[in-house]
Amino acid sequence: AQSVTQPDIHITVSEGASLELRCNYSYGATPYLFWYVQSPGQGLQLLLKYFSGDTLVQGIKGFEAEFKRSQSSFNLRKPSVHWSDAAEYFCAVGASNFGNEKLTFGTGTRLTIIP
Amino acid sequence: NAGVTQTPKFQVLKTGQSMTLQCAQDMNHEYMSWYRQDPGMGLRLIHYSVGAGITDQGEVPNGYNVSRSTTEDFPLRLLSAAPSQTSVYFCASSQGPWELFFGEGSRLTVL
């Protein structure tokens with residue numbers, strides 16, 4: 001069975017600084033990988049996805065993520081954060097097994113932005 | 001441009017009471033699912049549906065029932081609420097299994 005680990009529960013960065021949120025997955029085959037963002041009091045919104053091909057994927061709101069098979073990682077990055085990026089971020093892995101698709105979420109990383 | 005609509009947004013129940021969380025989507029998506037979100041545990045899948053008339057269990061189905069009589073609606077029923085069901089519940093829809101559109105959530109407290 002697949003699993004996702006987000007090792008950082010809470011990260012604080014200054015506005016304008018760069019950001020990297022870590023995500024490690026466990027799955028026997030090439031997974032489908034996702035990052036979702038949850039603003040306070042809201043549901044989750046898809047930021048970006050990786051299915052195959054180029055290992056660096058671009059998403060909405062200036063985010064990008066890089067799939068590294070050798071490290072089983074899919075870290076989320078942004079060159080310069082804005083106060084509006086304060087939210088909780090969830091990494092997710094999708095796996096398909098004989099038509100049974102399953103999406104597994106990590107426990108999330110809460111991002112705080114300081115002026 | 002409604003997307004996924006959940007009602008109610010807040011609910012307080014007493015142990016043993018029953019209730020239904022409503023979910024409706026207007027995007028003609030085949031897939032719909034219910035998740036619960038608890039601190040430090042991320043989102044866990046309760047039940048899901050791949051189309052009208054088809055439902056299946058997720059990771060934590062006990063204590064919950066679902067049905068899917070139309071493409072648009074996917075209600076979640078708690079038959080006899082327990083304090084362990086205190087949580088925030090999210091409904092999601094998607095055209096396929098991966099790219100989910102979420103509702104704004106329903107916060108349930110069971111006393």
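Caption draft 1: Main features of the nonpolar core. Residue and element names in this part refer to chain A. Formed by 26 residues in total, the largest nonpolar core has its most connected members in Leu19, Trp35, Leu47, Leu48, Phe74, Leu76 and Tyr89. Elements that contribute at least two residues to this core include exactly strand 2 (10-14), strand 3 (19-21), strand 5 (32-38), strand 6 (44-50), strand 8 (64-68), strand 9 (73-78), strand 10 (87-97) and strand 12 (109-114). For this core, the element with the most residues is strand 10, which contributes four residues. When near neighbours in sequence (up to four residues on either side) are disregarded, leucine 19 contacts Ile11, Val13, Phe63, Leu76, Arg77, Lys78, Val81 and Leu111.

Caption draft 2: Representation of the interface of chain B and chain A within the structure. In this complex, chain B contributes 16 residues to the contact, which on the side of chain A involves 22 residues. Interface area for chain B against chain A, summed over the two sides, is near 1500 Å², with a carbon-plus-sulfur share of 60%. One can count one salt bridge joining chain B with chain A. Here A:Lys49 makes a salt bridge to B:Glu99, at a shortest N to O gap of 2.8 Å. Going through the elements one at a time, strand 4 (31-38) and strand 5 (42-51) of chain B are the ones with two or more residues in the side of chain B that touches chain A. When grouped by side-chain class, the residues that make up the side of chain B that touches chain A number ten nonpolar, four polar and two charged.

Caption draft 3: Representation of the sheet that holds strand 8 (residues 76-78) of chain B. Residues and elements named next belong to chain B. The strand order 1-3-8-7 describes an open sheet built from four strands, whose pairing is antiparallel. Since the sheet does not close on itself, it has two edges, and those belong to strand 1 (4-7) and strand 7 (64-66), each with one partner. Direction aside, neighbouring strands of the sheet carry axes that sit 20° apart on average. Judged from the three bridges that link them, strand 7 and strand 8 form a sheet pairing that is antiparallel. Bridge assignment links asparagine 65 to a residue of strand 8, and that residue is arginine 77.

What counts, and at which threshold
Residues numbered from 1 in each chain as written. Chains lettered and ligands numbered in written order. Predicted model: local features only at pLDDT ≥ 70, side-chain atom pairs only at ≥ 80, totals over all residues. Heavy atoms only, no water. Core = buried A, V, L, I, M, F, W, Y, C linked by side-chain atoms within 4.5 Å. Buried < 20%, exposed > 50% of the residue type's maximum accessible area, 1.4 Å probe, protein only. Helix = DSSP H or I, 4+ residues; strand = E, 2+ residues; numbered from the N terminus. Contact = heavy atoms within 4.5 Å. Buried area = accessible area lost by both parts, 1.4 Å probe. Salt bridge = Lys/Arg side-chain N within 4 Å of Asp/Glu carboxyl O. Nonpolar A, V, L, I, M, F, W, Y, C, P; charged D, E, K, R; others polar. Pairing = 2+ DSSP bridges. Axes fitted to C-alpha atoms, helices over the stretch in contact; angles between N-to-C directions.

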